Every structure is written in structure tokens, then in C-alpha cells.
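Here is how the chains run, residue by residue.
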Amino acid sequence: MHKENHDNHSEHDHQNHHAHMIEDFKKRFWVCVVLTLPVMVLAPMIQDLLGYSFTFKGDRYIQFGLSSIVFFYGGWPFLKGMVDEIKDKSPGMMTLIALAISVAYFYSSAVVFGLEGKIFFWELASLIVIMLLGHWIEMKSVMGASNALEELAKLMPSEARLVKEGGETKDIEISELKNGDIILVRPGEKVPADGVIIEGQSHVNESMITGESKPVAKSVDDVVIGGSINDNGSIKVKVKHTGDDSYLSKVIGMVNDAQQTKSKTQNLANRAAGWLFYIALGSGIITLIAWLSLGKEFDYSLERMVTVMIISCPHALGLAVPLVVAISTAMSAKKGLLIRNRTAFENSRKITTIIFDKTGTLTKGEFGVTRIKSLDDSLTEDDILRIAASVESNSEHPIAAGIVKKAKEKELELSEPKDFENITGKGMQAKLDGKKIEIVSPGYLKEKDIEIPEGSFKNESETVVFLLSEQSLKGFIALADEIREDSFEAVKTLKERGLKVVMATGDNEKVAKAVSEELDLNDYYAEVLPEDKQKIVKDLQNDGEFVAMTGDGVNDAPALAQADVGIAVGSGTDVAAETADIVLVNSNPKDIANIIIFGTATYKKIMQNIWWAAGYNIVAVPLAAGVLAGAGIILSPAIGAVLMSLSTVIVAINAQLLKKSIN
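Here the structure is a predicted model, which means the values were calculated and not measured. (Residues numbered from 1 in each chain as written. Predicted model: local features only at pLDDT ≥ 70, side-chain atom pairs only at ≥ 80, totals over all residues. Heavy atoms only, no water.)

Draft legend 1. Expanded view of the UniProt feature "transmembrane region" (unreviewed entry) in the protein chain. Following the UniProt record, one finds the feature "transmembrane region" (unreviewed entry) at residues 29-46, 61-79, 91-113, 119-137, 272-294, 306-333, 610-633 and 639-658. Across residues 61-79, the secondary structure splits into 95% helix and 0% strand, with the terminal C-alpha atoms separated by 24 Å. Across residues 272-294 one finds 96% helix and 0% strand; the C-alpha atoms that close the span lie 32 Å apart. (UniProt positions renumbered as here; feature names shortened; annotations may be inferred. Helix = DSSP H or I, 4+ residues; strand = E, 2+ residues; numbered from the N terminus.)

If you want it as C-alpha cells, here you go:
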């Protein structure tokens with residue numbers, strides 16, 4: 001218990017540290033915004049651009065004073081970051097920003113105190129403000145996912161009702177629960193911890209955890225998730241997972257992992273910044289030497305060098321990825337996509353084949369009524385269902401549960417059966433309102449020489465039971481592990497995008513074939529074991545396919561690990577935390593199409609933004625260095641600043657357009 005509390009404490013400290021850092025960036029950003037406004041108003045370059053004049057004695061010293069605060073206070077995270085990057089021998093974004101702001105600050109300060117040249121205080125201040133904003137946005141978007149999960153964790157009750165040896169109950173703090181404890185959960189109460197039902201049956205509402213809107217029937221040996229709501233029956237639960245082992249803690253852990261794993265495109269922005277650092281340093285030194293060798297005075301040559309080094313640090317690159325990632329993370333979360341591995345998410349654009357598990361993925365994973373047919377004009381379909389549900393109400397068989405559940409959904413009033421008994425292997429019978437009612441299999445009808453009505457069997461995936469009243473056939477009910485309505489749309493969308501859609505299931509050949517035909521899949525594999533699924537993935541990869549595997553994350557784990565993109569569909573207590581790259585919170589196959597659409601759109605936007613940001617440099621740096629000076633074309637700091645601002649605005653607008661492309 002001590003370790004568990006310590007771990008919780010560490011995680012809490014980590015969250016607090018992250019929140020504190022966000023607050024710190026936010027504070028630095030707003031302080032610097034306030035200080036930057038007067039610096040910009042007093043900047044000669046801004047005055048020239050906007051055509052106004054506002055000078056007074058000592059205005060340079062005010063700019064110097066305000067810019068010094070902005071440089072040392074606002075620029076501190078970047079200066080500190082530069083030291084860390086240089087220690088790691090991997091200069092990146094922090095080093096590039098620190099180089100640009102240091103050159104701008106120390107050169108401009110020298111100009112204030114006597115050196116001939118231009119002042120770059122406003123570029124320094126605006127660069128720091130925009131970079132602080134970029135980092136704040138990025139950290140906030142990452143924290144946003146954590147906050148959503150912390151809200152989820154708040155769904156846990158604070159107390160549990162412990163069942164003691166004598167059968168008495170005692171209310172205890174949830175933190176005192178141990179694995180193996182027995183707890184009592186009454187109707188309407190929240191389940192305090194993950195566990196297995198050992199007594200009682202009920203329906204449990206898991207919508208706030210799994211996104212499944214309908215309450216799920218639970219009885220002895222079924223797993224319940226901490227935080228779900230017990231609906232209509234008292235249950236005793238043996239605690240299996242508490243604290244960090246619980247489902248909610250695992251999900252929070254997954255997001256923390258996702259935060260630690262930066263995507264390759266994010267690293268690409270950092271690598272681009274690293275290259276730009278060397279380009280900035282190299283270009284600056286070459287510019288100084290070139291102009292001096294051409295006979296220009298030192299002041300002019302130095303000003304060219306400083307201009308090149310400041311322009312080499314694009315404001316836009318600091319915002320290029322954070323803005324897209326922030327919008328992509330928020331939009332994905334709204335659509336029920338938990339992205340554990342951003343690289344796999346962005347690689348979803350390459351998927352050529354998707355393998356679906358069947359049960360609980362393409363289908364609902366529970367026996368449900370698909371058709372009801374009355375063969376007696378005096379009885380409606382609801383009458384057939386009500387009579388069957390009344391007889392089946394005492395049975396624990398999955399077929400019975402499906403019929404009773406359907407009757408409850410329709411709010412039909414059930415009667416109490418009498419003399420209930422099983423007809424071994426054939427069905428069951430009971431007395432209802434004085435009549436002998438039998439719910440039986442097709443085999444029983446053949447035995448009794450009762451003709452099976454035409455249209456009883458629609459496909460091989462259905463199980464059909466027949467209702468007899470006093471040996472007279474009155475109707476039938478067909479049941480199946482129903483195909484999710486969303487599956488049809490998901491398969492259609494994926495095929496329209498040119499993907500092969502394949503199903504791999506442990507179910508029998510007949511059922512697999514029926515589901516495959518109904519959904520119009522490209523192919524299917526039946527009666528496969530977990531290792532067979534992994535081999536299917538490998539074989540497809542060897543054929544050059546880029547494979548996504550979707551499954552419930554337990555028996556599908558080897559295949560999920562093998563796949564190029566592993567997608568866990570449906571949330572149980574074990575959600576393939578170690579193997580899946582993406583978790584579909586709402587267990588909806590339609591969301592798999594969204595993964596590809598969102599992943600493709602996100603990748604495109606990130607690449608567009610990196611090119612916009614870098615493209616500005618490709619044009620601006622040589623012009624600032626004076627490559628075309630002979631032709632009378634030289635980039636002034638003012639024009640450079642306008643281009644820099646324009647590049648930043650374009651990147652920001654382009655990132656916002658992501659919302660339209662994935663809505």
C-alpha cells in the first residue's frame with residue numbers, strides 16, 4: 001500500500017509540475033506581451049513602416065530597459081534549454097531561439113551604448129513572445145488530454161462498502177481497498193474498483209468509461225470496471241485491481257506515455273531547427289567575412305551578419321507543429337481517439353489493409369434479437385416477444401438473456417411462468433396463463449414433425465428459436481451477435497478510400513462467412529488463434545501491405561504489436577496498454593476511418609507548416625546576406641520582419657484550417 005500511495009503521489013507531483021510549467025509559460029508570455037507593446041511603439045523600424053514619428057530624449061534607454069527584462073525573464077527558458085541541448089550535443093529549437101535572441105539583444109545593446117547600427121529590440125521581444133506562445137500552446141494541449149482523464153478519475157467514488165467475514169458491511173476509504181477484498185455495490189452506486197462479480201446480477205452503465213451507451217448485462221464471473229454505475233441489482237465484487245493497476249490509472253498512464261513520446265514530425269521540426277542553427281551561425285560568419293573582404297566597414301558588415309542571424313530563426317517554426325498538434329489532439333479526443341503513439345497516428349495515411357477482429361469490434365459482442373415473426377394472426381410480434389421473454393425470464397442462457405433484454409427495451413409487461421423446465425439440448429418449457437409454452441430449436445420441430453416455416457433462416461450467423469403454444473407453432477425469434485450499424489458505414493468508407501478490409505476471427509467458418517458477406521469484406525479468416533492473427537499480419541506485410549490491426553486488445557495483443565498501426569477497440573480492464581498505438585474510447589469501428597482521415601490531415605498540415613516556416617528562411621537568409629546586392633536587391637531588416645510576421649500568420653491560419661478538414 002505504501003508503494004502504491006508513493007506512486008500515486010509521484011504521478012500527482014508530475015501532474016502538478018506540468019501544470020506549474022504551463023502557468024510559468026503563461027505568466028512569462030503575458031508579462032512579455034505587456035513589455036513588448038511599448039518597445040514596438042518606440043521602434044524606429046515600426047515607425048517607418050507605419051508612417052508615424054514618436055521620439056523623445058532617452059527613448060533608446062527605455063527600449064533597452066524593457067527589452068532587458070523581456071530577454072532575461074521571457075528568454076530564460078530558451079537560454080536554459082540551449083545549455084541542455086548543447087550538453088546533449090544536439091542543438092535544436094531552443095539553441096536556435098537562444099542564438100537569435102542573444103545576437104539581437106547584445107548587438108542592439110551595443111548600438112544603444114555607441115556602436116553604429118540598427119536596433120533590433122522589437123524583433124527580439126516579438127520573437128520571445130511568439131516562442132513563449134508556441135511552447136505554452138504545445139504544453140497546454142498535452143495537459144488538456146491529462147485533464148480530461150483526471151476528470152474521468154474523479155468519477156471514482158471516495159468510499160467502498162467492504163463485506164466482512166460474518167457478512168456484515170463496513171464503509172471504508174477507497175484507498176484502503178486491497179486485491180481480494182469483497183465489496184457490495186447496491187443499485188445506483190458507482191463501482192469502487194475493478195473486479196469480478198461473485199454474487200448477484202445487474203446491468204452496469206459503462207458509458208462514461210467505454211462510451212458504450214447501453215447498460216451492459218453483468219452476472220457472476222463478469223468483470224466490472226471501477227467508476228462504472230451499477231444499474232438495477234445488488235452485486236458482490238471481488239476486487240482485482242486497485243490504485244495504479246486499475247483501468248482508469250492505466251488510461252492516464254497511457255496519456256502520460258503519449259506525452260513523453262514526441263512524434264517523428266515533431267522531431268522533424270526540432271531537427272529542422274538544429275540545421276537552421278548551423279545555417280544561421282555559418283551564414284552569419286560567412287556574411288561578415290564576405291562584406292569585410294569586399295571592403296565594407298565593420299559596422300555595416302556586422303549589421304548584415306546580425307540581420308542574417310535574426311532572420312534565420314523563423315517565428316513560424318516555433319508554432320508550426322505545436323499549433324497543429326494542439327488542434328489535432330483536441331479534435332481527436334472529441335471524436336473518441338486516444339492517441340498513444342503520434343508517429344503511428346500520422347503513419348495511418350500509409351495503411352493499405354485493415355484487419356478487423358469480429359466479436360465486439362464489427363459486432364456488438366452480445367446475443368441480441370435481430371428478427372421476430374408471428375405466424376398467428378391473433379398475435380403481434382410484441383406478443384410473441386412478451387410470451388417468449390416471460391418463459392425465458394428464469395433462464396441464464398445467452399439466448400434467454402437476449403430475448404428478455406429485448407422485451408425490457410420495449411418495456412413489455414412479463415408474466416410469471418410456472419412449472420419451468422429445460423428440454424435438454426432443445427430448449428425450455430413452462431406454463432403461462434394456463435397454457436403449455438415451449439421455446440425450442442429447429443431440431444425439436446423436426447423431431448415432432450412440425451414443418452419449419454419458410455424464411456425462418458436469413459443467414460448462417462443467426463440462431464432461430466420457435467415458440468409453440470400447446471404444440472401449435474405461433475412464431476419464431478432470430479438472434480445473433482448483431483453487426484454494429486456503424487460497421488457497415490465504416491467498411492464502406494474504408495473501401496471507398498481504396499483500402500482492403502479483412503476480418504480475422506476465432507468464430508466458426510459459417511458465422512465468419514455470413515458476417516463477411518453481409519459487410520461485403522474483401523476477405524476473411526475463420527477459426528484463428530491469437531498467433532494465427534499475428535502470422536496473417538506478418539504475411540500481409542511480407543506482401544508489401546501497410547497493415548492496421550484492430551481488436552479488443554487481449555487475445556489480439558500479438559497481432560496488435562506486429563501491425564504497423566495497432567488499434568485497440570473496446571475498453572476492458574486490459575486495454576492492450578503495451579501494444580496498441582491508438583485506443584478507440586467509444587469502441588466504434590467508424591472511428592477507424594476517422595483515424596486515417598485525421599492522421600492524414602494532421603501529417604499534411606504539419607508538413608505544410610514546416611515548409612512554410614523553412615521556406616521563409618530559404619528565401620530570406622540569402623537576401624539578408626546580400627547575395628543579390630550587386631543587382632541592388634538587399635533585404636532590409638524591416639522587410640525581413642514583415643516576411644517573418646507573414647510567415648507566422650500563414651502557419652497559424654493553416655493550422656486552424658485543420659479543423660475544417662477533419663470535421
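Alright, that's what it looks like, and here's the rest.
Draft legend 2. Quick look at the sheet that holds strand S8 (residues 229-230). In space, the three strands of this open sheet follow the order S6-S5-S8, with antiparallel pairing throughout. Sheet topology places strand S6 (216-218) and S8 at the edges, where each strand pairs with a single neighbour. As paired elements, strand S5 (residues 202-205) and S8 share two bridges and run antiparallel to each other. Paired with Val 204 across the strands is Asn 230, a residue of S8. (Pairing = 2+ DSSP bridges.)

Draft legend 3. Spatial organisation of the pattern of salt bridges. Counted by the stated rule, this structure contains 14 salt bridges. Two residues, Lys 236 and Glu 199, come together in a salt bridge whose shortest N-O distance is 3.9 Å. Here Glu 199 lies in strand S4 (residues 194-199) and Lys 236 lies in strand S9 (residues 235-241), a separation of 37 residues in the sequence. Asp 376 is the partner of Lys 474 in a salt bridge, and the nearest nitrogen-oxygen pair spans 2.8 Å. With Lys 474 in strand S17 (residues 472-483) and Asp 376 in the loop between strand S12 (363-374) and helix H14 (381-392), this pair connects stretches of sequence that are 98 residues apart. There is no split in this pair, since Lys 474 and Asp 376 are both buried. Connected via shared salt-bridge partners are Arg 161, Asp 171 and Glu 189. (Salt bridge = Lys/Arg side-chain N within 4 Å of Asp/Glu carboxyl O. Buried < 20%, exposed > 50% of the residue type's maximum accessible area, 1.4 Å probe, protein only.)

Draft legend 4. Focus on the pairing of S9. Bridge analysis of strand S3 (residues 182-185) against S9 gives four bridges, and the strand direction is antiparallel. The partner of Ile 182 across the bridge, within S9, is Lys 238. Where S4 lies against S9, five bridges are found, and the strand directions are antiparallel. In the strand pairing of S9, Val 196 is matched with Lys 238.

Draft legend 5. Local environment of helix H5 (residues 93-112). The end-to-end C-alpha separation of H5 is 29 Å, in line with the 28 Å expected for 20 residues at 1.5 Å each. Of all 20 residues that make up H5, 18 are buried, and the element is covered over most of its length. (Expected span 1.5 Å × (residues − 1).)

Draft legend 6. Seen up close, the packing of aromatic side chains. Tallying each qualifying case throughout the model produces 17 aromatic pairs. In this arrangement the basic side chain of Arg 28 is found over the ring face of Tyr 73, its NZ or CZ atom lying 4.9 Å from the centre. Here the guanidinium or amino end of Lys 296 rests over the ring plane of Tyr 300, the centre of that ring lying 5.0 Å away. (Phe/Tyr/Trp six-rings, centres within 6.5 Å; stacked < 30°, edge-to-face > 60°. Lys NZ or Arg CZ within 6 Å of the ring centre and 35° of its normal.)

Draft legend 7. Seen up close, the packing of helix H3 (residues 59-74) against H5. Contact geometry for H3 and H5: axes closest at 11 Å, N-to-C directions at 155°. In terms of axis orientation, H3 runs roughly antiparallel to H5. Considering only the axes of H3 and H5, their crossing is left-handed. Facing H3, whose interface residues are Arg 60, Tyr 61, Phe 64, Ser 67, Ser 68, Phe 71 and Phe 72, H5 presents Ile 101, Ser 102, Tyr 105, Phe 106, Ser 109, Val 111 and Val 112. Here the residues of the contact of H3 with H5 sort into nine nonpolar, four polar and one charged. (Axes fitted to C-alpha atoms, helices over the stretch in contact; angles between N-to-C directions. Parallel < 35°, antiparallel > 145°, perpendicular 65-115°, else oblique. Left-handed = near helix turned anticlockwise from the far one by under 90°. Contact = heavy atoms within 4.5 Å. Nonpolar A, V, L, I, M, F, W, Y, C, P; charged D, E, K, R; others polar.)

Draft legend 8. Representation of a nonpolar patch on the surface within the structure. Among the surface-exposed residues, Val 41, Leu 49, Leu 50, Tyr 52, Phe 54, Phe 56 and Ile 62 lie close enough to one another that they form a single nonpolar patch of about 610 Å² accessible area. For Leu 49, the position within the fold is in helix H2 (residues 44-50). Judged by relative accessible area, which is 43%, Leu 49 ranks as partly exposed. (Patch = residues over 30% accessible without salt bridge, like charges linked within 9 Å, V, L, I, M, F, W, Y side chains within 5 Å. Areas by Shrake-Rupley, 256 points an atom, 1.4 Å probe, with all protein chains shown as cover.)

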